[in-house]
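Read off the chains here:
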Amino acid sequence: MKMISTLFALSIVSALVWCAPPPCEPEDRRLGRCQTTPEDKGTCTDMVLGYCEDMPYKKITFPNLLDHRGRHEAETGAEYLLLSVVHSLLRGECSPDIRMLGCSVLAPRCQDGRTLKPCRSTCEAVRRGCEHAFEGIDMAWPYFLDCDRFFGSEEEGCYDPLETLRAQQEVAVAEISPEGPSTVIQFTYQSNAQMFSILKKTATKCSDISRTYSIGRSVEGKDLLVIEFSNNPGQHDILEPEMKFVGNMHGNEVLGRQLLIYLAQYLCSEYQLGNERIQTLINTTRIHILASMNPDGYGLAAAEVEDSNEPENQEGPVYNGWISGRGNAQSIDLNRNFPDLTSILYGRRRNKYYRTDHIPIQDSYWFGKVAPETYAVMKWIRSIPFVQSASLHGGELVVSYPFDLSKHPHEEKMLSPTADEQVFRQMARTYVDNHPTMGDRDTERCGASFISKGGIINGALWYSFAGGMSDFNYLHTNCFEVTVELGCDKFPSEEELYPEWKRNKESLLSFIESVHRGIKGIVKDVNGNGIKGARISVKGIRHDITTAEDGDYWRLLNPGIHILTASAPGYTRVMKKVHLPRRMQKAGRVDFVLRKLARAAPADIYSFPSVDNYDRFDPYNQFERYTLSELGENGEERQEKPWWWNYFIHSGVAAPTWLLKNY
């Protein structure tokens, strides 16, 4: 009997041991995996966390929902550090919502001796509205804001930690005038990291119509980041024209960079607010915005402004805007670094069998110094069928158009028109006519020397230079580009940013709309298949454009009667006469059907010279490294830590790898 009693007692003890919860390891505690035993219930204490003092309650529980045992453990964790810097990281977006939501987990409400969980519905609402802000800075959604793990349901008796905040916000909104702006933009300068963050957050916020992508890296490794707007981002839609804006080509000319950052935010916000004009623009146009082509140069220019803004400087910020930061980190002027195809054109123009468009890049160009920024932009404009473009500069108030290189080598100021002189003039006029001061008659204003020319000028007539981006666009691709000089002050004060936005907003929007001029259509064979690379010629204009991948094309033309010809190697030629009325508000549709020739015709009849190889780009692979990802020791792509990582690794807390995406 004694043996049986002993065995029974041992079985009871082993059962008790078996049923006891396993010890909670620190990592499990951090991840919220620990179960609280009846003997381990929390105790109420006063609010002791400084960043949570504005919570709508004064009594909290320790251990908290992350199983921090007390104030010291909570305040020394990466979670609390994140709450202390999240306002700065997100530039005020979703503030104080994120911080207060986090406080409801780190400092949970204690009522009647028990812990109240915050409501899951509140967490889900905040996550829907704020996750894009974390995406914008490449940060994962914090684990301790997991709505399923740390938040409760209404049936469990949860509470809304943001209820008081929302009531205060509703009162504030009610006091705002209904005539206030519907789109809120912060009109300040941004560092390169802040610019990247804003553009990525904007794309995430409007993910159905926007995305960001990098076309390459600068000398110092900064992304050349483009934000795109389209009803089908990432895809070319047949017959939908593509246009681009390029800013900050010269790093010290910063207004264009700022205007394009504001334009991206404006397009996103107004589309969501139901602005019909913006919705029509984005639904019918693919818009690409490269806010900074020269982020390294901008960094140099901005640093000089900061240095001149020291307290002992009584005159305030002084900027030597004509020198510092103009070039890239290699001191290369990017607007002199493109292949000089204009000189090739001038040398060939009397030979009718040499093409005057889509001129290939000569092999000799690649033996020179090609900036990585130039290389990236060349690959970009070769890969997308851009129709129209504007490059935003500073230093004057005028719009110039190609050619920028004088047709006479000894004449520095000589009218040097393209075959599309009238089209370019109309493009320039579109921007000027929608700007309040570019075209006025005030002789004392910036840009007064261009009054007699109506605020527009041929580039070479202003001053001649080779290797410009606008000439390259026109002679190497289908894209027509003008240069917009936004003002005499290359680095205006922050107080001027909002007035400049107001002055330029309508011009920017009207310029996008103007891409829907001229004609568009599809060149097909008799089976209905699009013909890539077919040429569209206009009688009297010695400059052809070519069809895109699916056979669609866009040809900018002014109103009038035009005779068009479509041709392709191995196919018949088809000619059509079209009339574009002056009041026409969109591009006319002109399609062509080409028949296969029974026998191929000689190439020179159709001006397809065989001596040129348009597809020959970087033939010696000297510059392809500019677009290759950096690889780690084992050949895997090396993931750089995001800029905000320094906030945490220098603070002494355990590295919050849970904030890294794809970790």
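Quantities reported herein were computed from a predicted structural model and do not represent experimental measurements.

**Q** Let's hear about the state of the cysteines: which residues, and what values?
**A** Considering all chains together, one arrives at 7 disulfides under this definition. With its sulfur 2.1 Å from that of its partner, cysteine 123 forms a disulfide with cysteine 147. The sign of the S-S torsion, about -75°, decides the handedness of the disulfide formed by cysteine 123 and cysteine 147: left-handed. Of this pair, cysteine 123 sits in helix H6 (residues 120-136) while cysteine 147 sits in the loop between H6 and helix H7 (163-175), and the two are 24 residues apart along the sequence. On the accessibility criterion, cysteine 123 (0% relative accessible area) is buried.

**Q** Go over the nonpolar core with me, naming the residues and quoting the values.
**A** Across soluble globular proteins, nonpolar side chains show a tendency to be buried alongside one another. Phe229, Phe245, Ile289 and Trp380 are the most contacted members of the largest nonpolar core, which has 104 residues in total. In terms of residue count, helix H9 (residues 255-272) provides more of this core than any other element does, 11 residues in total. Counting residues in hydrophobic clusters, the runner-up holds 52 residues, among them Met55, Leu81, Leu82 and Trp645.

**Q** Quick one: what's the story with the sheet that holds strand S8 (residues 286-290), residue by residue and with numbers?
**A** The mixed open sheet is built from 8 strands, whose spatial order is S5-S6-S8-S7-S9-S12-S10-S11. Both outer strands of the open sheet, strand S5 (210-217) and strand S11 (456-458), are each paired with one neighbouring strand and no more. Strand-to-strand twist across the sheet, computed as the mean angle between neighbouring axes with direction ignored, equals 25°. Taken together, the 6 bridges between strand S7 (residues 242-247) and strand S9 (residues 386-393) define a ladder with parallel strand orientation. Across the sheet, methionine 243 pairs through a bridge with glutamine 388, a residue of S9. Relative to the sheet, helix H13 (residues 372-383) contacts S5, strand S6 (223-229), S7, S8 and S9, its axis offset from that of S5 by approximately 130°. Along the sheet face, helix H17 (residues 497-513) touches S7, S8, S9 and strand S12 (480-487) and points at about 150° away from the line of S7.

**Q** If you had to explain the environment of glutamine 422 to someone new, which residues and values would you point to?
**A** Within the element layout of this structure, glutamine 422 appears in helix H14 (residues 421-433). A sequence separation of 135 residues divides glutamine 422 from leucine 557, and the C-alpha atoms of the two residues are 8.6 Å apart.

**Q** Which residues make up the sheet that holds strand S17 (residues 560-567), and what values do they have?
**A** Reading across from one edge, S15-S14-S17-S18 is the order of the 4 strands in this open sheet, with antiparallel pairing throughout. Of all the strands in the sheet, the pair left with one neighbour each is strand S15 (541-546) and strand S18 (574-580). In this sheet, neighbouring strand axes are inclined to one another by 25° on average, regardless of whether the strands run parallel or antiparallel. For S17 and S18, the ladder comprises 7 bridges, and the chain directions are antiparallel. Counted as the bridge partner of leucine 564 is lysine 576 from S18.

**Q** Requested: an account of empty space enclosed by the protein, with residues and values cited.
**A** To find the voids left in a structure, one rolls a probe of water-molecule size over its atoms. Enumeration according to the criterion identifies 3 cavities of 30 Å³ or more in this entry. Approximately 60 Å³ is the volume attributed to the largest cavity. Every residue along the wall of the largest cavity is listed here: Pro385, Phe386, Val387, Asn478, Phe480, Ile545, Trp554, Arg555 and Leu556. Secondary structure elements with two or more residues in the lining of the largest cavity: S9 and strand S16 (552-555). Looking at the lining of the largest cavity residue by residue, the class counts come to 7 nonpolar, 1 polar and 1 charged. Surrounding the second largest cavity, Pro241, Val515, His516, Arg517, Ile519, Lys520, Trp554 and Ala587 form its lining. Of the residues that constitute the lining of the second largest cavity, the class distribution is 5 nonpolar, 1 polar and 2 charged.

**Q** Quick one: what's the story with the environment of proline 233, residue by residue and with numbers?
**A** Relative to the assigned elements, proline 233 resides in the loop between S6 and S7. Its relative accessible area of 24% is what places proline 233 among the partly exposed residues.

**Q** I'd love a proper account of the pairing of strand S10 (residues 396-401), names of residues and values included.
**A** Working note: regular strand, side chains alternate between the two faces of the sheet. For S10, a buried count of 6 out of 6 residues is recorded, marking the element as mostly surrounded by other parts of the structure. When S10 meets S12, the two strands line up antiparallel, connected through 5 bridges. Directly across from leucine 397, in S12, lies its bridge partner leucine 486. This β-α-β element, S10 to H14 to S11, shows right-handed connectivity.

**Q** Can you lay out the packing of helix H4 (residues 78-89) against helix H5 (residues 97-106) for me, pointing to particular residues and giving the numbers?
**A** Axis separation between H4 and H5 bottoms out at 9 Å; the angle between their running directions is 160°. Considering the angle they form, H4 stands roughly antiparallel to H5. Note that H4 runs across H5; the crossing there is left-handed. Along its contact with H4, which presents Glu79, Tyr80, Leu83 and Val86, the element H5 presents Ile98, Arg99, Gly102, Cys103 and Leu106. Residues belonging to the contact of H4 with H5 are distributed by class as follows: 6 nonpolar, 1 polar and 2 charged.

Cut-offs applied
- Residues numbered from 1 in each chain as written.
- Predicted model: local features only at pLDDT ≥ 70, side-chain atom pairs only at ≥ 80, totals over all residues.
- Heavy atoms only, no water.
- Disulfide = S-S within 2.5 Å.
- Helix = DSSP H or I, 4+ residues; strand = E, 2+ residues; numbered from the N terminus.
- Buried < 20%, exposed > 50% of the residue type's maximum accessible area, 1.4 Å probe, protein only.
- Core = buried A, V, L, I, M, F, W, Y, C linked by side-chain atoms within 4.5 Å.
- Pairing = 2+ DSSP bridges.
- Axes fitted to C-alpha atoms, helices over the stretch in contact; angles between N-to-C directions.
- Contact = heavy atoms within 4.5 Å.
- 1 Å grid on protein atoms, 1.4 Å probe; cavity = no way out; pocket = protein on both sides within 12 Å on 5 of 7 lines; lining within 4 Å.
- Points joined across faces, edges and corners; volume = space filled by probe spheres on them.
- Nonpolar A, V, L, I, M, F, W, Y, C, P; charged D, E, K, R; others polar.
- Right-handed = clockwise from strand over helix to strand, strands pointing away.
- Parallel < 35°, antiparallel > 145°, perpendicular 65-115°, else oblique.
- Left-handed = near helix turned anticlockwise from the far one by under 90°.

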